[in-house]
Amino acid sequence: MNGNNLKLAIQKKGRLTDKTLSLLRSSGIDIDNYSDRLTVSARNFDLDILFLRDDDIPEYVQDGVADIGVVGENVLLEKQSDVSLIKKLGYSRCRLMIASPNDFIYENLIQLEDKRIATSYPNILKKYLTENNVNAKIIDISGSVEIAPALGIADFICDIVSTGNTLKLHKLKTIEKVIDSEAVLISRNNITKDSTKNELLSKLVQRIESSITAKSSKYLMMNIPASSLENIKKIIPALKSPTVLPLADEGMLAVHAVIPNDLFWDIVDKLKSEGASGILIFPIENLIP
Ligand code: ATP
Ligand code: MG
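Residues numbered from 1 in each chain as written. Chains lettered and ligands numbered in written order. Predicted model: local features only at pLDDT ≥ 70, side-chain atom pairs only at ≥ 80, totals over all residues. Heavy atoms only, no water.

Asks: How would you sum up a nonpolar patch on the surface? Please name residues and give values.
Replies: Together, Ile147, Leu151 and Ile153 give the surface a local cluster of nonpolar side chains, amounting to about 260 Å² of exposed area. Its place among the elements puts isoleucine 153 in the loop between α5 (148-151) and β9 (156-161). Exposure remark for isoleucine 153: the relative accessible area of 38% places this residue in the partly exposed category. (Patch = residues over 30% accessible without salt bridge, like charges linked within 9 Å, V, L, I, M, F, W, Y side chains within 5 Å. Areas by Shrake-Rupley, 256 points an atom, 1.4 Å probe, with all protein chains shown as cover. Salt bridge = Lys/Arg side-chain N within 4 Å of Asp/Glu carboxyl O. Helix = DSSP H or I, 4+ residues; strand = E, 2+ residues; numbered from the N terminus. Buried < 20%, exposed > 50% of the residue type's maximum accessible area, 1.4 Å probe, protein only.)

Here's what the structure looks like:
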């Protein structure tokens, strides 16, 4: 490790680990297979990676043990550490939900008054209940929250849900959403005062942004009748103005454009009805605005 390197804390083993490493790799950062090591240095960027439990990351970043870190927003909000949110990363999306036994007939939050709610997120839940003027007893437990109602130690639970399968297994159903969460990049507050590290952080963020934009976009190429150009410009979002090239066949043009991933299937029929042919779609590796 080198004192001038940017120190990034990521989850050692869990739901955030693979996606975070793959985001770094697609941002052009070369990382060795780390197996059981606590830290690794990137080969081509002044970056050291620290592998930690996700619960510890906000505090380590606050205290400067790491300069930056990746955690779920749920952990960031729960830990209440004094750090800065740099960027939402768009993966590991989940929701913190309140759930009740399947047979409970839910109408509104007032039904939670004076009831017991088991959770590993007491701070987030407390804030939510206060904002909604509900007095409930929060039972703080660290894991396997979903068994609390069956054990008779809570009436409801508040936990992370993505597919809902775990809830189903325990005969529970969701009744209210507390927060949405996704992976976020955080930094220690005073990082801007350290010009070397701040510069490395800007460089890293630019690379991450370019990789995220590239993944959410596609490169579209097609041939169109020249007479359709104006209509086709209207179909392709104004986001990136298309490149238009003449073809040997007079009256025909080649059009290239960057489009959002999810738009393609919405516009393909409209493009065809304007006479577009030879439509090609390519993945984009990086996109630097
Ligand atoms: P650690 O051992 O590091 O403390 P953990 O068991 O607390 O790990 P994980 O289950 O690996 O944590 O989840 C890490 C983060 O991934 C969560 O804080 C949340 O932001 C997100 N997450 C949790 N469950 C899901 C899910 N089902 N789908 C998507 N993201 C999730
Ligand atoms: Mg954890």
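Asks: So, the sheet that holds strand β11 (residues 183-188): which residues are in play, and what are the values?
Replies: Read from one edge of the open sheet, six strands run β2-β3-β1-β4-β11-β5, paired in mixed fashion. Taken across any chain shown, the strands that pair with only one partner, and hence form the sheet edges, are β2 (39-41) and β5 (83-88). Across this sheet, the average inter-strand angle for adjacent strands is 25°, counted without regard to direction. Pairing between β5 and β11: five bridges, direction antiparallel. Among the inter-strand pairings, lysine 87 is bridged to a residue of β11, identified as leucine 185. Strands in contact with helix α1 (residues 17-26) are β1 (6-11), β3 (47-52) and β4 (68-72); relative to β1, the strand with the most contacts, it is inclined by about 145°. (Pairing = 2+ DSSP bridges. Axes fitted to C-alpha atoms, helices over the stretch in contact; angles between N-to-C directions. Contact = heavy atoms within 4.5 Å.)

Asks: Residue-level account of the coordination of the magnesium ion (ligand 2), with values.
Replies: Protein-derived ligands of the magnesium ion (ligand 2) are Asp54 (OD) and Asp55 (OD), with the metal-ligand distances lying across 2.0 to 2.1 Å. Residue class for aspartate 54 comes out buried when judged on its relative accessible area of 18%. With relative accessibility at 26%, the residue aspartate 55 sits in the partly exposed group. (Donors = N, O, S within 2.8 Å, 3.2 Å for Na, K, Ca; no water.)

Asks: Which residues make up the sheet that holds strand β13 (residues 243-246), and what are the values?
Replies: The strand order across the open sheet formed by four strands is β13-β14-β12-β15, and the pairing between neighbours is antiparallel. The open sheet has two edge strands with one neighbour each: β13 and β15 (277-283). This sheet shows a mean twist of 15° between the axes of neighbouring strands, independent of strand direction. Here four bridges tie β13 to strand β14 (residues 252-260), and the two strands are oriented antiparallel to one another. When the bridges of β14 are listed, proline 246 appears paired with leucine 253.

Asks: Can you explain the environment of leucine 8? Please cite residues and give values.
Replies: Topologically, leucine 8 is positioned in strand β1. Sequence separation between leucine 8 and leucine 129 is 121 residues, and the spatial gap between their C-alpha atoms is 34 Å. In this view, leucine 8 contacts Leu24, Leu47, Asp48, Ile49, Leu50, Ile68, Gly69, Val70 and Leu185; residues no more than four positions away in its chain are not counted.

Asks: Help me get a handle on empty space enclosed by the protein, residues and values and all.
Replies: Taken as a whole, this structure holds one cavity of 30 Å³ or more when the rule is applied. When its volume is computed, the largest cavity comes out at roughly 50 Å³. As for the largest cavity, its lining consists of Leu8, Thr20, Leu23, Leu24, Val70, Leu89, Leu185, Leu204 and Ile208. Secondary-structure elements contributing two or more residues to the lining of the largest cavity are α1 and α7 (195-215). No other element matches α1, which puts three residues into the lining of the largest cavity. Across the lining of the largest cavity, the residue classes break down as eight nonpolar, one polar and no charged. (1 Å grid on protein atoms, 1.4 Å probe; cavity = no way out; pocket = protein on both sides within 12 Å on 5 of 7 lines; lining within 4 Å. Points joined across faces, edges and corners; volume = space filled by probe spheres on them. Nonpolar A, V, L, I, M, F, W, Y, C, P; charged D, E, K, R; others polar.)

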